[in-house]
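# Secondary and tertiary structure notes
If you want the building blocks of each chain, they are given just below.
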Amino acid sequence: MKYIDEFRDGDSARRIAAKIAAEVRPDTSYSFMEFCGGHTHAISRYGIAGMLPPNVRMIHGPGCPVCVLPIGRIDLAISLALDRGVMICTYGDTMRVPASDSLSLIKAKARGADIRMVYSAHDALTLAEQHPDREVVFLAIGFETTTPPTALVLRDAKARDVRNFSVLCCHVLTPSAITHILESAEVRQLGTVPIDGFIGPAHVSIVIGSQPYEHFAEEYRKPVVITGFEPLDVMQGILMLVRQVNAGRAVVENEFSRAVTPEGNLAAQKLVSQVFELRESFEWRGLGEVPYSALKIRPEFAAWDAERKFELHYTSVPDHKQCECGAILRGVKRPADCKLFGTVCTPESPMGSCMVSNEGACAAHYSYGRFRDVARVDIAQAAITSIAK
Amino acid sequence: MCLALPARVVELLPKLRAIVDLGGVRKEVSIDLVDDAQTDDYVIVHVGYAIGKIDPEEAQRTLALFAELSAAQNTLQPSQNMREML
């Protein structure tokens, strides 16, 4: 497929890897955070981690909307469906997120709740129009990439006066989360790792552009390279970060220039600001309460805001005691450091959110990398030892 | 979650909708957020909405950057071999 296959060429990847290996300084260690789950997935799936020199470490960031969605928000949706007979529509990603009382949306569905998986926000609004006798709530999650479609359906629901449709808004913002990782006192207390640069979001940046990161690169002296999700993009992005670190530079560079412009998609931004406003604070799994890091629906659209319509009150719920998702989301721990990883917590029955989405650090490591760290046993050597015994 | 794929616009439909082709698979999507999309443009499709367009020239430039790397590598090769010979 055009614009995909040519960005997955193995020979080119090996050449970029050789370039990275030639340019890194042996006495310097490079820790780069890829913010997005899309990058985490690409790094695991295409074996990029294995192509990097040992002193270049990739830290998986919190850019997976499913992974940072706190239990309490899922509980709100489950209670709407189970206790109030609402039809919940949501993206497939959220279906298996573990919630309170050993429930998830998919388990609630098995108990008889009307929960529908939709491909698009548009499908949720269509369902509401097809079932005028039912209350239909769209559980909307995602970063700036996914927010404009939700804004469009809210605009359309108001224009067409679809009164039985509303949105439970859990949309979060990328730049504020990146800033929070670097400066928040709480996060510092919980522990963070030194980060030398960021692989910047790909599809989020199509919408918001490259400008929002500029202030951040300048203020915190951290290089940012906006990078596509294909493996060659990621390799090239890492090479560009290595070059910035070597040169002592900290600027925003754009590797994904085929889709990202400095100003982004202005039509989408305008629409989002007409429908949404900043939320004072929002709880992120792993990061805690992050000020001005999420969106809520403007009062003009109150009739389509599920939180107002059903008078929902958010309650924070702590994670499973032994789950290390919080530390993994901040890059302090690696998936294999968690006691639950691969034993009771697997993609088939996830305990923590990082195991749910295939973009989560744990799920990506489980699917593509869990045998990489296992010590190699020389079969011949093992045979000799056993004979000697 | 932010998964999105480049797809070619094959037909513009009324109400800012369009048929796109993704490696032979055809799907109807909304072009409300990219209302200047034309037939044969490549748009980036996310949850049934085109959120941006691919700039073919920029894509070519990025690919050329990878190719330059390989050209540089090839010119490097003989000198490396020379060093080995020495």
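Residues numbered from 1 in each chain as written. Chains lettered and ligands numbered in written order. Predicted model: local features only at pLDDT ≥ 70, side-chain atom pairs only at ≥ 80, totals over all residues. Heavy atoms only, no water.

## Regarding the overall build of chain A
Within chain A one finds 17 helices and 11 strands. The C-alpha atoms of chain A give 22 Å as radius of gyration, which agrees with the globular expectation for 389 residues (21 Å, within 12%). Its C-alpha atoms put chain A at 75 × 55 × 45 Å along the principal axes. Counting all 389 residues of chain A, 58% fall into the buried class. Partitioning the contacts of chain A with sequence separation of at least 6, the portion at a separation of at least 24 is 76%. (Helix = DSSP H or I, 4+ residues; strand = E, 2+ residues; numbered from the N terminus. Rg over C-alpha atoms; globule rule 2.2 N^0.38 Å. Buried < 20%, exposed > 50% of the residue type's maximum accessible area, 1.4 Å probe, protein only. Contact = heavy atoms within 4.5 Å.)

## Quick word on the overall build of chain B
On a plain count of helices and strands, chain B comes out with 1 helix and 5 strands. Counting from the amino terminus, chain B carries its helices and strands in the arrangement β-β-β-β-β-α. Taking all 86 residues of chain B together, the buried fraction comes to 44%. A fraction of 31% describes how many contacts in chain B between residues 6 or more apart in sequence connect residues 24 or more apart. Of the accessible surface of chain B, which amounts to about 4,900 Å², a share of 54% is contributed by carbon and sulfur atoms. (Areas by Shrake-Rupley, 256 points an atom, 1.4 Å probe, with all protein chains shown as cover.)

## Focus: the packing of helix H7 (residues 147-159) of chain A against helix H13 (residues 266-275) of chain A
What describes two packed helices is the angle between their axes and the distance between those same axes. All names here are of chain A. Between H7 and H13, whose axes approach to 9 Å, the crossing angle comes to 55°. Regarding the angle of H7 to H13, the classification is oblique. As H7 packs across H13, the resulting crossing turns out to be left-handed. Residues Thr147, Pro148, Ala151, Leu152, Leu154 and Arg155 of H7 pack against Ala268, Leu271, Val272 and Val275 of H13. Counted by class, the contact of H7 with H13 contains 8 nonpolar, 1 polar and 1 charged residues. (Axes fitted to C-alpha atoms, helices over the stretch in contact; angles between N-to-C directions. Parallel < 35°, antiparallel > 145°, perpendicular 65-115°, else oblique. Left-handed = near helix turned anticlockwise from the far one by under 90°. Nonpolar A, V, L, I, M, F, W, Y, C, P; charged D, E, K, R; others polar.)

## Thoughts on the pattern of salt bridges
All names here are of chain A. For the coordinates displayed, the defined rule picks out 26 salt bridges over all chains. The salt bridge involving Asp114 is made with Arg134; its shortest N-O contact spans 2.9 Å. With Asp114 in the loop between helix H5 (105-110) and strand S4 (115-117) and Arg134 in the loop between helix H6 (121-130) and strand S5 (136-142), the pair connects residues that are 20 residues apart, well separated along the chain. Residue classification places Arg134 among the partly exposed positions, given a relative accessible area of 22%. Linking Glu307 and Arg279 is a salt bridge whose minimum nitrogen-to-oxygen distance equals 2.9 Å. One end of the pair, Glu307, is in helix H14 (residues 306-309); the other, Arg279, is in strand S10 (residues 276-284), and 28 residues separate them in sequence. Taking the relative accessible area as the measure of exposure, Glu307 reaches 18% and is therefore buried. (Salt bridge = Lys/Arg side-chain N within 4 Å of Asp/Glu carboxyl O.)

## Description of the interface of chain B and chain A
Taken residue by residue, the interface counts 36 residues in chain B and 45 residues in chain A. Carbon and sulfur atoms make up 69% of the surface buried where chain B meets chain A, a total of about 3,500 Å² over both sides. Remark: the boundary between chain B and chain A carries 1 salt bridge. Between Arg155 of chain A and Asp32 of chain B there is a salt bridge whose closest N-O contact spans 3.0 Å. When residues of the side of chain B that touches chain A are traced back to their parent elements, those giving at least two are strand S1 (5-13), strand S2 (17-22), strand S3 (25-30), strand S4 (42-46), strand S5 (49-53) and helix H1 (56-85) of chain B. With 10 residues, the top contributor of residues to the side of chain B that touches chain A is H1 of chain B. (Buried area = accessible area lost by both parts, 1.4 Å probe.)

## Things to note about the confidence of the model for chain B
Caution applies to low-pLDDT parts of the model: their predicted coordinates are not meant to be read in detail. Residue and element names in this part refer to chain B. Overall, the predicted model of chain B reaches an average pLDDT of 84, with 79% of residues at or above 70. Low confidence marks residues 76-86, where pLDDT is under 50. Its contacts with residues over four positions away, or in another chain, come to 0 contacts. The ipTM value of the predicted complex is 0.88, and its pTM value is 0.89. (pLDDT = per-residue confidence, 0-100.)

## Side note on unusual backbone geometry
A positive phi angle, close to 45°, is found at Tyr292 of chain A, a residue other than glycine. Following the sequence through the fold, Tyr292 of chain A ends up in strand S11 (residues 288-297). Non-glycine residue Val47 of chain B carries a positive phi angle of around 40°. Its location among the elements puts Val47 of chain B in the loop between S4 and S5.

## Digging into the nonpolar core
Residues and elements named next belong to chain A. Ile20, Ile88, Phe138, Phe165, Ile238, Phe276 and Trp284 are the most contacted members of the largest nonpolar core, which totals 157 residues. Ranked by residues supplied to this core, first place goes to helix H12 (residues 231-247) with 8 residues. Beyond its immediate chain neighbours, meaning those up to four positions away, Phe165 contacts Ala124, Leu125, Ala128, Val136, Phe138, Val153, Ala157, Ala303, Trp304 and Lys309. (Core = buried A, V, L, I, M, F, W, Y, C linked by side-chain atoms within 4.5 Å.)

## Structural notes on the sheet that holds strand S7 (residues 197-200) of chain A
Residue and element names in this part refer to chain A. Read from one edge of the open sheet, 5 strands run S2-S1-S7-S8-S9, paired in parallel fashion. Unpaired on one side and paired on the other, strand S2 (56-63) and strand S9 (252-254) mark the two borders of the sheet. Each strand of the sheet is rotated relative to its neighbour by a mean of 25°, with strand direction disregarded. Sheet topology note: the strand S1 (residues 30-36)/S7 ladder contains 3 bridges and is parallel. (Pairing = 2+ DSSP bridges.)

## Let's talk about the environment of Phe310 of chain A
All names here are of chain A. Tracing the chain through its elements places Phe310 in the loop between H14 and helix H15 (325-329). Its relative accessible area of 10% is what places Phe310 among the buried residues. Spatially, the C-alpha atom of Phe310 lies 8.4 Å from that of Leu80, the residues being 230 residues apart in sequence. When near neighbours in sequence (up to four residues on either side) are disregarded, Phe310 contacts Leu80, Arg84, Val86, Glu135, Val137 and Ser166.

## What to know about the packing of aromatic side chains
One pass over the full model with this rule turns up 9 aromatic pairs over all chains. Consider the rings of Phe7 of chain A and Phe66 of chain B, whose centres lie 6.1 Å apart with planes at 80°: the pair is edge-to-face. A residue pair is termed interchain when its members come from two chains, as with Phe7 of chain A in the segment before helix H1 (10-23) and Phe66 of chain B in helix H1. Taken individually, Phe7 of chain A and Phe66 of chain B each receive the classification buried, so the pair is uniform in this respect. On the basis of an interplanar angle of 45° and a centroid distance of 6.0 Å, the ring pair of Phe143 of chain A and Trp284 of chain A is categorised as tilted. (Phe/Tyr/Trp six-rings, centres within 6.5 Å; stacked < 30°, edge-to-face > 60°.)

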